[in-house]
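So you can see what is in the structure, the chains are spelled out below.
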Amino acid sequence: MLTSPTAAQAGAVGSTPVRTFEYSVGGMTMKVPTGCLFTHIIRGGGKKITYQNAGVDCAFVAALGSGFCNWRIDFTYADTNNRTYRTSRGRTHPECKIDPMRNNSPRTLPRYGKACAHLYVTGVRRVSQCHHMTK
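Worth saying up front: this structure is predicted, and the values here are computed from it rather than measured. (Residues numbered from 1 in each chain as written. Predicted model: local features only at pLDDT ≥ 70, side-chain atom pairs only at ≥ 80, totals over all residues. Heavy atoms only, no water.)

Peer 1: Explain the overall build of the protein here, please?
Peer 2: Helix and strand counts for the protein stand at 0 helices and 12 strands. N-terminal to C-terminal, the α/β element order of the protein is β-β-β-β-β-β-β-β-β-β-β-β. In the protein, once contacts between residues fewer than 6 apart in sequence are set aside, the share between residues at least 24 apart is 60%. Carbon and sulfur atoms make up 53% of the accessible area of the protein, which totals about 8,000 Å². (Helix = DSSP H or I, 4+ residues; strand = E, 2+ residues; numbered from the N terminus. Contact = heavy atoms within 4.5 Å. Areas by Shrake-Rupley, 256 points an atom, 1.4 Å probe, with all protein chains shown as cover.)

Peer 1: Can you walk me through the state of the cysteines in this structure?
Peer 2: By definition, a disulfide links the sulfur atoms of two cysteines through a covalent bond. The tally for this structure, following the rule as stated, stands at 3 disulfides. Here Cys-69 connects covalently by a disulfide to Cys-96, the sulfurs 1.8 Å from one another. Its S-S torsion of about 105° marks the bond between Cys-69 and Cys-96 as right-handed, since a negative value means left-handed. Highlighted residues: Cys-69 in strand β6 (residues 68-79) and Cys-96 in strand β8 (residues 93-97), separated in sequence by 27 residues. On the accessibility criterion, Cys-96 (41% relative accessible area) is partly exposed. What connects to what in the protein, once the bonded cysteines are numbered by sequence position, is 1-2, 3-4, 5-6. (Disulfide = S-S within 2.5 Å. Buried < 20%, exposed > 50% of the residue type's maximum accessible area, 1.4 Å probe, protein only.)

Peer 1: Could you clarify how one ought to interpret the pattern of salt bridges in this entry?
Peer 2: It is possible for side chains of opposite charge to pair when their charged atoms get near one another. Considering all chains together, one arrives at 2 salt bridges under this definition. Arg-72 is the salt-bridge partner of Asp-74, the closest N and O atoms lying 3.0 Å from each other. Arg-72 carries the same exposure label as Asp-74, and that label is buried. (Salt bridge = Lys/Arg side-chain N within 4 Å of Asp/Glu carboxyl O.)

Peer 1: What should I look at first to understand the packing of aromatic side chains in this one?
Peer 2: Two numbers describe a pair of aromatic rings. These are the distance of the centres and the angle of the planes. Per the counting criterion, the structure on display carries 2 aromatic pairs. Each ring, one from Phe-21 and one from Phe-68, has its centre 6.3 Å from the other, and the planes form 40°; the classification is tilted. Of the two residues, Phe-21 is situated in strand β2 (residues 21-25) and Phe-68 in strand β6; the sequence distance between them amounts to 47 residues. As far as burial versus exposure is concerned, Phe-21 and Phe-68 are alike and both buried. Through successive ring pairs, a cluster of aromatic residues spans Phe-21, Tyr-23 and Phe-68. Between Arg-72 and the ring centre of Tyr-120, over which it is positioned, the NZ or CZ distance is 4.0 Å. Here Arg-111 stacks its cationic end above the ring of Tyr-85, 4.4 Å away from the centre of that ring. (Phe/Tyr/Trp six-rings, centres within 6.5 Å; stacked < 30°, edge-to-face > 60°. Lys NZ or Arg CZ within 6 Å of the ring centre and 35° of its normal.)

So, in structure tokens, the structure goes:
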């Protein structure tokens, strides 16, 4: 069986636990219990990103909660000196969702460094997950 050569592809998947926190929505106190992970997936090669996604997965008691209200997911890109040079800000979703998720469009970065995803709830950054992009 013969196959044609293909471009080398790389990818990374990482998850960070979402710490328990409380926040207020319309005068009601909401609590996010333990049991949720924020996962960031990135595929591509070199400085080229062909696929990027981030979202929350909850299990056990956390999966039964009201979730995350007024949430957004941002993607940031920093150089090797940890200076952020680009932010892809997600839209704020006013509804409550137990599994917020966002895809980002493919892109080629001008520099090596790191790509991060950040979950914000009511304007406060609650968790981040990053991948280093090197030669």
